[in-house]
Structures are given as C-alpha cells and as structure tokens.
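Coordinate inspection notes
Listed below are the residues making up each chain.
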Amino acid sequence: MPLLTRTADSGLLWYGAAALLGIAGGRTARRAALRGAGSFALASVITRTVAKPYARNERPVLDAAAVLRRFVGRPQYTPPTLGPAASAAAFAVGVALESPRYGVVVAPLAAAVAASRLRSGLRGSGEVLAGVAIGACAAALTSRWWPVIPDSPAVAVRPRLPAPPLPGGVGLSLVVNPGSGITGAGSSHATVERLRALLPDARITELGPEDDLPALLEQAASETAGQGGALGVCGGDGTVNAAAEAAVRHGVPLAVFPGGTFNHFAADLGIESMQDVVRAVTGGDAVTVDLGRASSPDGEEQVFLNTFSLGVYPELVHAREKLEASIGKWPALAVGLARVLASSRPITVAVNGRPRRLWLLFAGNGVYQPSGFAPTYRTRLDDGLLDIRAVDGNTPWARTRLLLAVLTGTLHHSRVLVTAQLRTLRVDALEGDPHFAYDGEVARVSEGSLVLGKTTRALTVYRPAGGEDPWLG
C-alpha cells in the first residue's frame, strides 16, 4: 500500500491506467480513458487551488498507526491534501460515465488508493471522504463541456423494402480505402485479409495508388445493382460519403465498415467493429437515413452524411482532432479555438438573402447534441432537419466572448451563437473565395452560392438490429 500511495501521489498510476485502456480497448475504452484522465486533471486543479487552502492541516500521527501499515521510512515530503483520494475518485467516476463496464474494472483500484491513505496513517477518514466527494464532482463537471455519448445508437426507421441478407457476403461488393487511416489491423493488407475471412463470398477490392475512388465505387455499385446485392465500403467519413453517393444513385444498400481515424457516421449508427457490420449484413438488418445536400446554381451537388461548414469551423475541427488524442476533446477544442481565432477573419455571406459577417456556419445532417459549440452525436438519423449553428462576427468583442463562453461551458446561452433547425438554407458568398467542409473533406463554393437541403430517408444502410423504430417505415 505505501507503493500504491506513492504511485497515486505522482499521478503515474492514473496516466498509466488511461494509456492501458486506450491501447487495449476500442472506441468506448478510448473515450473512457480520455474522460478519466481529464477528470483526474480537473480534480488535481481543484484540490490544489481551491480545496487545499480550506482543508485542515493536521495529520494523523504516524506513530499511532500499526507498524505494518507505515511507510518504509517517513515520507520526505508532505503529500497534497485531499489530492490522491480526489484523483482516484475522479478517474474512476470519469471512466464509469463513459463505460460502466470499464468503471467496474477501475473502481477496485481507486478504492485501494483511498484505503491506502487510511492504512498508512497519512490521512483521517473525514479527509479521505472529502477527497472522494471532490473527485466525483470533478468527473461529473466534465460533462458540462464534454457530453457523455449515450450507449444506444441514433434512432432510424427500417426500410420499406427490406435489405437483402447476404450470408458469407455473397452479393456484396466491398471497396477498401487504405488511405483512410485504417485502424485496428496494423495494415491495409491485414484489414483486407480479415474482411476476406469474415465475408469469404464477398467481392473485395483494395484501392490502389492509381485508382480513382469515386469511379471504383461507381463501378462496384453498378455491378451489384443488377444482382440484388449491396455496396460495401471500408474507410473514413470522406470515403463513406463517396460510397453513399454511389449507393443512392444506383439504389443499393450500403454496408459501412469502420476503417478511418474517427468514423463519426459509423459511431452514430452504433457500429464499433467489423463484426457488427458482418452481423447486420448476414442478417439483413438495415435502416434508412437522411442525406444532406449542398446544391449550386449550375447543378452541381455535394451530399453530406454528417456535417457541412463554412468559415473557421473546418480549421477548428482539424486543430482539435490533432490535439484530441493527447489532451482530450474539450482542452483540444479550447486550444484549437484560441489558435484559429487569433489567425483567422470572419467571412461575409448572405444567409437567406440577409448579409452576415460570420466566424463560422455549421449545418448538421440532423439535430446534433449537445446544443453548444462542439456537436458530438445525433439521437436520430431521419428527422428531416438541418441543425444550423452560426457565430455572428458583428457582435462586439465576438472573438473574446466566444472563447470565454466555450471555456465556461455557457455558449448555448451566449448572444454570439445563433441556432436554428431548418429544412433548407441559402448561402451566397459576398466577399472572397470561401471554401466549405463536408464530412472531413474540403471544396470550393461553386458559383458563389449554395442551397442546403435534405433528402429524407434517402440511403439504406446496414446496421445491427436494436436502433431502428419499429413503428415507422
């Protein structure tokens, strides 16, 4: 227990546990590790800057503790008051918020740290309990900036015409994009071999250096359309976007295998592993989802499954994702926002005919949660709505107020943020040559004008049964 106490005091125990969770588990485990580490860091700040000045300085007398409970030699430092118990509780509760299953695994370790404070004679029971309470509150407080994603996937309706079950992958034409940052298999070749083992009868094509992805997906969708099969894709959100266009054009279902860095669309579908998709494909379990559309006057159109954005948002997302793995989502958002606002300028556009200076314009394919600046997840994939969020550049001290609102978690009450839920929105560029981002890709605003809209229940996509609405469709 003295060793456990010293390791917990330094923070190595919790950073090590977070690293182990992140390496050994999947997407849920990584989220749990990040929230646990963020909760631990917040609890440390609270105990050192807020709680410590008000805590009692008396310590239990070490000589009164049983000999076997004492440190080997007296401590050469004074451990921070409340800190280790608070950090233990913060980490355990933070992990449990994201994943109760992993929380059960971590809880005994946190309890052992709290017990070690008592048995070593360094703390009294009241002080340890106070630290536990502070740590639990710190973990709960992280939800103000970084909402807990529900375990259940987003709701969608079943297709009117059932998707065909494809046992063994027969009738499935699957395109694998090794340039999407494929994770979990070690290499694109290993991913392809794994897919062949899971779906031995599927026709699997790996995108080569000289291949054109849209053309390859178009060919695969065309071939499977006449065979009563389905199109499959393994890649990130940009690759899935291109596959969705081809699937809708040829009227075939789409099977999405998570193979990118973030896999936002797959996460909203409730897909965490390739086995999830295989189970849905072989069983014929599918839902229909909406498709967002950005149309220009010349007839060009860009679909989006997740999000569309103008202004600094594409830069912010890139900056946040670059830092997120190392410092957590909310700190990465704050740091990225400060950097982007320092170097960028608002864009001048007309929104539904009214001139606006905007720092950003965000449109979600469906209503996203939470209601602030960092939309994270959807509860429905077929609500027929665009989730519009804009930051007004004409508001006095807009940049400062925006950053302060994000840091304090009060942006949804701030006047700099304008929100609406619409079915269509027209955007005309008034100055410059603006670009927009869609599902992680970037394109230019053609002809200086775009109309954002939706096609409801346009795409049939495989996913394991459990998140569909049985009363609709």
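Residues numbered from 1 in each chain as written. Predicted model: local features only at pLDDT ≥ 70, side-chain atom pairs only at ≥ 80, totals over all residues. Heavy atoms only, no water.

The next subject is the pairing of strand β6 (residues 286–295). The element β6 is extensively covered by neighbouring structure, given that nine of its ten residues are classed as buried. As paired elements, β6 and strand β18 (residues 449–462) share nine bridges and run antiparallel to each other. Across the sheet, residue L291 finds its bridge partner in β18, namely T455. Where β6 meets strand β7 (residues 301–304), four bridges bridge the pair, whose relative direction is antiparallel. (Buried < 20%, exposed > 50% of the residue type's maximum accessible area, 1.4 Å probe, protein only. Helix = DSSP H or I, 4+ residues; strand = E, 2+ residues; numbered from the N terminus. Pairing = 2+ DSSP bridges.)

Its location among the elements puts S449 in strand β18. Residues in contact with S449, not counting those within four places in the same chain, are S295, S296, P297, R426, V427 and D428. In terms of polar contacts, S449 uses its side chain to reach the side chain of R426, at 3.1 Å. (Contact = heavy atoms within 4.5 Å. Polar contact = N/O pair within 3.5 Å; in protein donor to acceptor, adjacent residues only side chain to side chain.)

Looking now at the packing of aromatic side chains. Enumeration according to the criterion identifies six aromatic pairs in this entry. Where Y15 meets F40, the ring centres are 5.0 Å apart and the plane angle is 85°; that geometry is what we call edge-to-face. One end of the pair, Y15, is in helix α2 (residues 12–24); the other, F40, is in helix α3 (residues 27–51), and 25 residues separate them in sequence. For the ring pair F436 and Y438, a centre distance of 6.0 Å and an interplane angle of 45° mean the geometry is tilted. (Phe/Tyr/Trp six-rings, centres within 6.5 Å; stacked < 30°, edge-to-face > 60°.)

If you look at the biggest cluster of nonpolar residues, it comprises 53 residues, and the most contacted ones within it are L217, L231, L254, F257 and Y462. In terms of residue count, helix α9 (residues 237–250) provides more of this core than any other element does, six residues in total. If sequence neighbours within four positions are ignored, L254 has contacts with L231, V233, V240, A243, A244, A247, L459, T460, V461 and Y462. Among the nonpolar cores identified, the runner-up in size contains 19 residues, and L310, V349, L358 and A390 belong to it. (Core = buried A, V, L, I, M, F, W, Y, C linked by side-chain atoms within 4.5 Å.)

Another point: the confidence of the model for the chain. Model confidence for the chain is summarised by a mean pLDDT of 82, while 81% of its residues fall at 70 or above. The low-confidence segment residues 68–80, where pLDDT is below 50, has 26 contacts with residues more than four positions distant or belonging to other chains. (pLDDT = per-residue confidence, 0-100.)

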